[in-house]
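# Coordinate analysis (summary)
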Amino acid sequence: MKRATWLVPTLYIIFLMLPIYWLLNMSFKTTNEILGTFSLWPQRFTLENYITIFTDPTWYMGYVNSLIYVTINTLLSVSVALPAAYAFSRYRFIGDKHLFFWLLTNRMAPAAVFALPIFQLYSAVGLFDTHLAVALAHTLFNIPLAVWILEGFMSGVPKELDDTAYVDGYSFGHFFVRIFIPTIAAGIGVAAFFCFMFSWVELLLAKTLTAVEAKPIAATMTRTASTSGYELGLLAAAGSLTLVPGAVVVYFVRNYIAKGFALGRV
Amino acid sequence: MSKTVNQKAWFFVLPVLALVAFNAIIPLMTVVNYSLQETFGDNVFFWAGTQWFQDVLGSERFHAALGRQLLFTFTILIIEIPLGVAIALAMPRTGPWVSVCLVLMALPLLIPWNVVGAMWNIFALPDIGLLGHTLNALGWDYNFTRNPGDAWMTVILMDVWHWTSLVVLLAYAGLVSIPDAYYQAAKIDGARPWAIFRYIQLPKMKRVLTIAILLRFMDSFNIYTEPFVLTGGGPGNSTTLLSIDLVKVALGQFDLGPAAAMSLIYFLIILLSSWIFYAVMTRNEEW
């Protein structure tokens, strides 16, 4: 029984990889081959789909746009969440619990509920079709999450650390930047990872808030269905490329994922 | 940990408050406005009172969508939570395979949601998809675009594929935080694997599992993009979950009043259930 335990994660990972393999497989086929024959690997291996994406600005700019707003969103969410999480973990103030729960409720709000009014709001303030609009809109669910994660990590740091620093004559700002932030670096990494993840995968709001200039890759993909029939090969190649940023990020934080969850309250 | 009372802490919270309020309160008030008024276009509005709420609460269509939503959320929780815990328990605690497992398992979480839908679409199509083709070759007349039962199975399978890893990661984090001394004590007492699970591992995972259930509940209730791309809510209305139905009403038919009322009812259901669950699970803790 003990010997067979490795089988469970292995089978699960095979199950996870199958659809991904199928997507990669299709991305190296021509659309004709996809529709014409069923084969477990490409019969006539082609890079044509990828070449199309990397030479056509309307395609590759989609990736650039997505990466821009995801980066802005991650930086913004984590930097405003830091002081707030500190306040929640160290101080008691009027309405703190209510505020904390209210923040979390925004993590629960269905994007479908907010799509239309958020579109009207960002149009009214003249931010429609900018990277900033998507980055700001995504703070709706990323700030609560970042505050939640960081608060957990900060509560794991003994308050004596703060007190010692003040006794040693550190100002608050100095202490926060020089001592406290390095102490919870792992927590910041985990929070940034989650902000990146949820901003990267979200489409409904990103699509609603953009038209041309800031159009995310995920929205660009929907056009393969409309132009010249169903360009499945191209769709598969574009989809495969959206796996890359996630894979890179997860590789960098691999050592923090398990530890990170455990150290913090999350 | 004892906390100091300090009202100035509000200044630390202010940036967060301003940003979230901008994104949440203004749109929410817009929705509340729409939900209480009738419009015939041209920005002319009439007071409609609670008319829309009564309409939505009494409508067969809303009941059907809510029923499907509850069935979906219940099914994926029943599958994903035990499966995620089982996988986390079977995973190695140390060694080079830990990183490999974690990276590969986290991968589905980082794929844009419409790509997940598109990926499963071409994976499950009966003629060109690996899953669809294999099932048909095995003699099962599988076609998720025609048969509601198959569509349901595919949507559930897709969600299990997409999100079980989140439960695994959280449960695993809970497990690795258990000190070795606990296991040694259990060994001395001659505890059976089931007893170790029931009295050591499960209590230690309670906090992360609460978070896992809460996140999976909220997110499965909000699910839109993946089933929309995979099945478009069909065949017929068979996989039209609440968000898909809502977008159909709001953007497809432009019935802003009923859509807004439906939004608020929908949001309140999530809010209330999450709050009850959270309150019950954390009732013994400080907060």
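For every chain, the first residue of its written sequence is number 1, and the numbers climb from 1 along that sequence. Chains and ligands are labelled by the order in which they are written, letters from A for the one and numbers from 1 for the other. Selection of residues for local features in this predicted model requires a pLDDT of at least 70, selection of side-chain atom pairs for listing and counting requires 80 or more, and totals for whole chains, interfaces and linings are taken over all residues.

## Notes on the overall build of chain A
Where helices and strands are cited, they refer to DSSP runs of H or I of at least four residues and of E of at least two residues respectively, numbered from the N terminus. Looking only at helices and strands, chain A has 14 helices and 1 strand in total. Counting only C-alpha atoms and orienting by the principal axes, one finds that chain A spans roughly 75 × 60 × 30 Å. In this description, any two residues whose backbone-derived C-beta atoms lie within 7 Å of each other are considered to be in contact. The contacts in chain A between residues at least 6 apart in sequence include a share of 81% that link residues at least 24 apart.

## Quick word on the overall build of chain B
Helix and strand counts for chain B come out as 12 helices and 3 strands. Overall, chain B is about 75 × 70 × 30 Å in size when its C-alpha atoms are taken along their principal axes. Residue burial is a threshold on neighbouring C-beta atoms within 10 Å of the residue's own C-beta, all placed from the backbone, with 20 or more meaning buried, 12 or fewer meaning exposed, and counts in between meaning partly exposed. Residues classed as buried in chain B amount to 40% of the 287 residues present. Excluding contacts between residues fewer than 6 apart, the proportion of contacts in chain B whose partners are at least 24 apart in sequence is 70%.

## Considering unusual backbone geometry
In this structure, D129 of chain A takes a positive phi of about 65 degrees despite not being glycine. For D129 of chain A, a count of 16 C-beta atoms within 10 Å translates into the label partly exposed.

## Observations regarding helix α8 (residues 160-167) of chain A
Each turn of an α-helix holds 3.6 residues, which means side chains three or four residues apart point in the same direction. Taking burial as the measure, the 8 residues of α8 of chain A include 0 buried ones, a minor fraction of the element. Positive backbone phi, approximately 90 degrees, marks G169 of chain A, located one or two places after α8 of chain A.

## Brief notes about the nonpolar core
Take the buried Ala, Val, Leu, Ile, Met, Phe, Trp, Tyr and Cys residues, join any whose C-beta atoms are within 7 Å, and the set you get is a nonpolar core. The biggest cluster of nonpolar side chains holds 156 residues, and the ones touching the most others in it are A81, V147 and A191 of chain A together with A171 of chain B. Ranked by the residues each element gives to this core, the list is headed by helix α7 (residues 131-155) of chain A, at 16 residues. Each of domain 1 (1-46) and domain 2 (56-263) of chain A gives at least three residues to this core. Note that the domain bounds reflect an automated or database-derived domain assignment.

## Points about the domain arrangement of chain A
All names here are of chain A. Assigned domains within chain A: domain 1 (1-46) and domain 2 (56-263). Placing the centre of domain 1 and that of domain 2 at their C-alpha centroids yields a distance of 31 Å. The set of elements that each furnish at least two residues to the side of domain 1 that touches domain 2 consists of α1 (7-27) and α2 (31-36). When residues in the side of domain 1 that touches domain 2 are grouped by element, the largest group, 4 residues, is from α1. Taken together, the residues of the side of domain 1 that touches domain 2 break down into 4 nonpolar, 3 polar and 1 charged. Three categories are distinguished: nonpolar for Ala, Val, Leu, Ile, Met, Phe, Trp, Tyr, Cys and Pro, charged for Asp, Glu, Lys and Arg, and polar for the others, with Gly belonging to the last.

## What about the interface of chain B and chain A?
Each partner contributes to the interface: chain B provides 74 residues, whereas chain A provides 78 residues. Ranked by residue count, the leading element in the side of chain B that touches chain A is helix α1 (residues 9-35) of chain B, at 14 residues. Considered class by class, the residues forming the side of chain B that touches chain A number 57 nonpolar, 15 polar and 2 charged. Strand pairing is defined by DSSP finding a minimum of two bridges between the two strands. With 2 bridges joining them, strand β1 (residues 91-92) of chain A and strand β1 (residues 4-5) of chain B adopt parallel strand pairing. Paired with R92 of chain A across the bridge in β1 of chain B is V5 of chain B.

## Focus on the environment of V70 of chain A
Residues and elements named next belong to chain A. Along the chain, V70 turns up in helix α4 (residues 57-90). When the 27 C-beta atoms within 10 Å are taken as the criterion, V70 is described as buried. Look past the residues within four positions of V70 in its chain and what remains in contact with it is F196, S199 and W200.

## Overview of the environment of L246 of chain B
Within the secondary structure layout, L246 of chain B lies in helix α11 (residues 242-252). The exposure class of L246 of chain B is buried, given the 24 C-beta atoms found within 10 Å. Between the C-alpha atom of L246 of chain B and that of A65 of chain B, which follows or precedes it by 181 residues, the distance is 9.4 Å. Beyond its immediate sequence surroundings of up to four residues, L246 of chain B is in contact with A112 of chain A together with A259, M262, S263 and Y266 of chain B.

## Side note on the packing of α7 of chain A against α1 of chain B
At a minimum axis distance of 9 Å, the contact between α7 of chain A and α1 of chain B shows a crossing angle of 135 degrees. For the element pair α7 of chain A / α1 of chain B, the angle class is oblique. With respect to the hand of their crossing, α7 of chain A and α1 of chain B are arranged in left-handed fashion. Contacts between α7 of chain A and α1 of chain B involve L136, A137, T139, L140, I143 and V147 of chain A from the former and V16, L19, V20, N23 and A24 of chain B from the latter. Its residues assigned to classes, the contact of α7 of chain A with α1 of chain B shows 9 nonpolar, 2 polar and no charged. Axis geometry follows a simple rule: fit a line to the C-alpha atoms, using only the stretch in contact for helices, then measure angles between N-to-C directions, giving values from 0 to 180 degrees. Convention used here: angles under 35 degrees read as roughly parallel, angles over 145 as roughly antiparallel, angles from 65 to 115 as roughly perpendicular, and any remaining angle as oblique. Here a crossing is taken to be left-handed if its near helix is turned anticlockwise relative to the far helix by less than a right angle, and right-handed if that turn runs clockwise.

## Let's talk about the confidence of the model for chain B
All names here are of chain B. Predictor confidence is given residue by residue as pLDDT, running from a minimum of 0 to a maximum of 100. Per-residue pLDDT for chain B averages 84, and the proportion of residues at 70 or more is 94%. Taken element by element, the predicted model of chain B shows its lowest mean pLDDT in strand β3 (residues 45-47) (69) and its highest in helix α3 (residues 60-90) (91). Confidence estimates for the predicted assembly give a pTM of 0.86 and an ipTM of 0.84.

## Remarks on the packing of helix α2 (residues 51-58) of chain B against helix α12 (residues 256-281) of chain B
Residue and element names in this part refer to chain B. Close contact between α2 and α12 brings their axes to 8 Å; oriented N to C, the two are set at 70 degrees. Classified by the angle their axes make, α2 and α12 are roughly perpendicular. Along this stretch, α2 crosses α12, giving a crossing that reads as right-handed. Between α2, through W52, F53, D55, V56 and L57, and α12, the contact on the second element is made entirely by G257, P258, A261, M262 and I265. Taken together, the residues of the contact of α2 with α12 break down into 8 nonpolar, 1 polar and 1 charged.

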